[in-house]
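Take a look at the letters that make up each chain.
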Amino acid sequence: MPLRFDLGPFEKLFIGKSVLTNGGDRTMFIVEGDTPILRARDVLPPERAINAAEKLYRCVQQMYLEEDTQTYHGTYLALTAEMISESPACHAELGIADQLVKSGQHYKALKSLKKLVRQEAFSLSKTESEARMPRVATRGRR
């Protein structure tokens, strides 16, 4: 099923192991195929993953984007155990996310885990977003 994306200036879209960065204008495009995709607002950078919930989200995020559950499986189990000991009240939400991960539904697991993560961990200011944008030299036309 094709996915339609409307990206604002300098907005990023993570497609598998690649990052698509929009230029200075709003752009709309359609992606067809079965590739893991996350908008930048749903991507948790490693330096912002501070607590167990955020580290667990980041682990599942990497499983999803890299399509590689096996590499992250041990880390996932350790972080899940740490999360249960830190926040026993989150046990039900973790159980739902765990079932989704086990069934290969990593995107849905991320949506479930996002409820446990500080929202400010995801937010990038406009200046941070632009700073991460590679600069392209342009030449004047005559």
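Residues numbered from 1 in each chain as written. Predicted model: local features only at pLDDT ≥ 70, side-chain atom pairs only at ≥ 80, totals over all residues. Heavy atoms only, no water.

Caption draft 1: Up close: the nonpolar core. By size, the foremost hydrophobic cluster in this structure holds 30 residues, and its most contacted members are Leu 38, Tyr 57, Val 60, Tyr 76 and Leu 113. Here this core gets 9 residues from one element, more than from any other, and that element is helix H1 (residues 52–66). Those residues in contact with Tyr 57, other than ones at most four positions away along the chain, are Asp 42, Leu 44, Leu 110, Leu 113, Lys 114, Val 117 and Phe 122. Core analysis: the second largest hydrophobic core is formed by 6 residues, Phe 5, Leu 7, Leu 13 and Ile 37 among them. (Core = buried A, V, L, I, M, F, W, Y, C linked by side-chain atoms within 4.5 Å. Buried < 20%, exposed > 50% of the residue type's maximum accessible area, 1.4 Å probe, protein only. Helix = DSSP H or I, 4+ residues; strand = E, 2+ residues; numbered from the N terminus. Contact = heavy atoms within 4.5 Å.)

Caption draft 2: A look at the environment of Tyr 64. Within the secondary structure, Tyr 64 is located in helix H1. The contact partners of Tyr 64, leaving out residues within four places of it in the chain, are Pro 36, Ile 37, Leu 38, His 106, Tyr 107 and Leu 110.

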